[in-house]
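Summary of structural features
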Amino acid sequence: MARALPTFAPDAAPGAPVELFAAWLAEAVAVGVLDPGAALLSTAGADGRPDARIVALRDVEADEAGWVFASDAASPKGVQLAQQPAAALTFYWPLQGRQIRVRGDVTQAAREVSLAEFATRSPASKVAGLVGRQSTPLASLPDWDEAAEGARRQLANHPEAHPPGHTVYTLAAHEVEFWQGDPGRRHVRLRYTRNSPAGGGAWERTLLWP
Ligand SMILES: Cc1cc2nc3c(=O)[nH]c(=O)nc-3n(C[C@H](O)[C@H](O)[C@H](O)COP(=O)(O)O)c2cc1C
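Here the structure is a predicted model, which is why all the values come from computation and not from measurement.

Moving on, we come to the UniProt feature "domain: Pyridoxamine 5'-phosphate oxidase N-terminal" (unreviewed entry) in the chain. UniProt's entry tags residues 27–133 with the feature "domain: Pyridoxamine 5'-phosphate oxidase N-terminal" (unreviewed entry), counted in the numbering of this structure. Helix makes up 29% of residues 27–133 and strand 40%, and the two end C-alpha atoms of the span are 37 Å apart.

Close to the ligand lie 13 residues, the nearest being Arg 53, Ile 54, Ser 71, Lys 77 and Ser 135. Take Pro 76: an N or O atom from its main chain is 3.4 Å from an oxygen atom of the ligand. In this structure, an oxygen atom belonging to the ligand sits 2.5 Å away from a side-chain N or O atom of Lys 77. Coverage of the ligand by the protein chains reaches 65% of its 620 Å² of free accessible surface. Secondary-structure elements contributing two or more residues to the shell around the ligand are strand E2 (50–56), strand E4 (66–72) and helix H2 (76–83). In terms of residue count, E2 provides more of the shell around the ligand than any other element does, 4 residues in total.

We now examine unusual backbone geometry. Backbone phi values are negative for most residues with the exception of glycine, while trans is the configuration of most peptide bonds. At Asp 35, a position not held by glycine, the phi torsion is positive, near 50°. Within the secondary structure, Asp 35 sits in the loop between helix H1 (17–31) and strand E1 (38–44). For Asp 35, a relative accessible area of 58% gives the class exposed. Of note in this structure, Ala 65 is not a glycine but carries a positive phi near 50°. If you trace the backbone, Ala 65 turns up in the loop between strand E3 (59–61) and E4. Here Ala 65 falls in the buried class, since its relative accessible area comes to 3%.

With respect to the secondary-structure elements, Gln 80 resides in helix H2. With a relative accessible area of 13%, Gln 80 lands in the buried category. Beyond its immediate sequence surroundings of up to four residues, Gln 80 is in contact with Thr 43, Ala 44, Gly 45, Asp 51 and Arg 53.

Turning to the pairing of E4, a few remarks are in order. Among the 7 residues in E4, 7 count as buried, and that is most of the element. On E4, burial covers both faces: Gly 66, Val 68, Ala 70 and Asp 72 on one face and Trp 67, Phe 69 and Ser 71 on the other are all buried. Both E3 and E4 contribute to a ladder of 3 bridges, which runs antiparallel. Residue pairing in the sheet places Glu 61 in a bridge with Gly 66 of E4. Pairing of E4 with strand E7 (residues 166–180) involves 7 bridges; the strand directions are antiparallel. The residue of E7 that forms the bridge with Phe 69 is Tyr 169.

To continue, consider the packing of aromatic side chains. This model, assessed by the stated rule, comprises 9 aromatic pairs. Aromatic side chains Phe 8 and Trp 24 sit 5.2 Å apart centroid to centroid with 80° between the ring planes, which places their arrangement in the edge-to-face category. Note that Phe 8 is positioned in the segment before H1 and Trp 24 in helix H1, a separation of 16 residues in sequence. An aromatic cluster is defined as three or more aromatic residues linked by ring pairs; in this entry it consists of Phe 8, Trp 24, Phe 178, Tyr 192 and Trp 203. Over the aromatic face of Trp 24 sits the side chain of Arg 98, whose NZ or CZ is 3.9 Å from the ring centroid.

Reading the values: the criteria
Residues numbered from 1 in each chain as written. Predicted model: local features only at pLDDT ≥ 70, side-chain atom pairs only at ≥ 80, totals over all residues. Heavy atoms only, no water. UniProt positions renumbered as here; feature names shortened; annotations may be inferred. Helix = DSSP H or I, 4+ residues; strand = E, 2+ residues; numbered from the N terminus. Near = heavy atom within 4 Å. Polar contact = N/O pair within 3.5 Å; in protein donor to acceptor, adjacent residues only side chain to side chain. Areas by Shrake-Rupley, 256 points an atom, 1.4 Å probe, with all protein chains shown as cover. Buried < 20%, exposed > 50% of the residue type's maximum accessible area, 1.4 Å probe, protein only. Contact = heavy atoms within 4.5 Å. Pairing = 2+ DSSP bridges. Phe/Tyr/Trp six-rings, centres within 6.5 Å; stacked < 30°, edge-to-face > 60°. Lys NZ or Arg CZ within 6 Å of the ring centre and 35° of its normal.

Spelled out as structure tokens, the structure:
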């Protein structure tokens with residue numbers, strides 16, 4: 001039996017993609033999509049070769065149409081973003097047959113914003129951040145345990161401790177596409193585009209062939 005999926009009426013879609021994203025995200029949470037804020041972040045550095053990994057969505061800014069995530073500036077993705085500050089974020093919520101693609105330019109938040117975001121984190125997340133060295137070779141798992149123990153001691157003595165490279169990034173969208181799957185393959189795709197992300201250019205909506 002075909003799966004029941006939500007319907008999507010593009011004619012009734014709001015004028016700005018952040019509004020539709022917020023509505024879809026709320027629906028995803030309501031129906032129990034697992035980890036709906038987990039998104040595939042695609043980047044390419046100076047060598048132009050694509051790379052991708054999951055990050056957690058931290059916020060969505062309506063004014064800027066900004067999708068916010070955080071990472072270590074010294075990590076491969078951080079280096080790639082410094083070399084080429086543009087990226088794509090892709091969300092896939094299989095329970096609803098929905099995909100959202102966001103493309104745009106990436107900026108780093110001011111240092112105090114990144115530190116304030118780090119301060120909101122759980123103890124385990126802070127320890128993981130303080131251990132640092134993301135994506136560098138780890139000789140053995142006990143080495144991580146030892147580094148984590150050191151980070152716990154550091155936090156106990158200095159609760160304000162933070163990793164030097166912890167960075168909040170904002171992807172200011174210039175293109176956002178909403179894809180609603182249909183069991184009969186009459187998928188509905190609506191793309192929002194704007195020419196000028198800085199200063200908030202007007203959004204144009206285009207229906208796409210699936
Ligand atoms: C569900 C999930 C959420 C994640 N969230 C983040 C995140 O918010 N920031 C981050 O740096 N890495 C996050 N990661 C780990 C990344 O996928 C990745 O392993 C790590 O950042 C190293 O990526 P890089 O070598 O491309 O820099 C997450 C992984 C998963 C599976």
